[in-house]
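# Understanding the architecture of this molecule
Chain by chain, the residues run as shown.
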Amino acid sequence: MIKRPLKIDHLGIAVPDLGEATKAWEALGFTVEAAHDVPTEKVKAAFLPIGESHLELLQPTDPTSVIAKFLERRRGLHHVCVLVEDLEATLREMKARGVRLIDQEPRPGAGGCRVAFVHPDATGGVLLELKERAPRRTPARLGGGPGSGRRPPGRPPGPATT
Ligand code: ZN
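Residues numbered from 1 in each chain as written. Predicted model: local features only at pLDDT ≥ 70, side-chain atom pairs only at ≥ 80, totals over all residues.

Turning our attention to unusual backbone geometry. Phi at Lys 42 is positive, roughly 55 degrees, even though this residue is not glycine. With respect to the helices and strands, Lys 42 occurs in the loop between strand S2 (34-38) and strand S3 (43-50). (Helix = DSSP H or I, 4+ residues; strand = E, 2+ residues; numbered from the N terminus.)

Dropping the structure here:
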């Protein structure tokens, strides 16, 4: 089981048009922090910070994307993401208890983090994403080259540095 769920990392919201959706949320007073492609999920994602958590707006980039399939039925809240300390150990224990998982192993998620999804059947109907806290970057890697990171140096992903 999740030994130490650290916080709600983000809520994933499926939208047909990321540009329109970000405009709508900005009109409500939210800030769009970062938007990027997640090719492994066939989505474009934009993150809107809310305190230590985020909203994640997700637009499919391919009709075979799970978000595209979701949008065929409805739009809106797609998943809840909880930050965990040790994703592999969490998955191991869930498997041992027979929890229905979508991902048996961690896979790459947005922003270079490792994630895994738990089937809605195991949670009473909510798709649950488990995300591992990003490894701390060494100063040597922060210098980076082009494309080495989506955020400028000094602004590592994760919780605010306070
Ligand atoms: Zn997510």
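For the rest of this paragraph, the subject is the nonpolar core. Ranked by size, the top nonpolar core spans 12 residues in total: Ala 14, Val 15, Ala 21, Val 43, Ala 45, Ala 46, Phe 47, Leu 48, Leu 57, Leu 58, Ile 67 and Ala 110. The element best represented in this core is S3, accounting for five residues. Leaving out residues up to four positions away in the same chain, Ala 46 has contacts with Leu 18, Thr 22, Val 32, Ala 35 and Leu 57. Grouped together as the second largest cluster of nonpolar side chains are nine residues, Leu 83, Val 84, Leu 91 and Val 118 included. (Core = buried A, V, L, I, M, F, W, Y, C linked by C-beta atoms within 7 Å. Buried ≥ 20, exposed ≤ 12 C-beta atoms within 10 Å, placed from the backbone. Contact = placed C-beta atoms within 7 Å.)

Moving on to the pairing of S3. Here S3 lies mainly inside the structure; six of its eight residues are buried. Direction of pairing for S2 relative to S3: antiparallel, over a ladder of five bridges. When the sheet's bridge partners are listed, Val 38 is paired in S3 with Val 43. Bridge analysis of S3 against strand S4 (residues 53-60) gives eight bridges, and the strand direction is antiparallel. Following the sheet pairing, Phe 47 is matched in S4 by Glu 56. In textbook terms, the turn of a hairpin is the stretch between consecutive antiparallel strands, and for S3 and S4 this stretch comprises two residues, one of which, Gly 51, has a positive phi near 60 degrees. (Pairing = 2+ DSSP bridges.)

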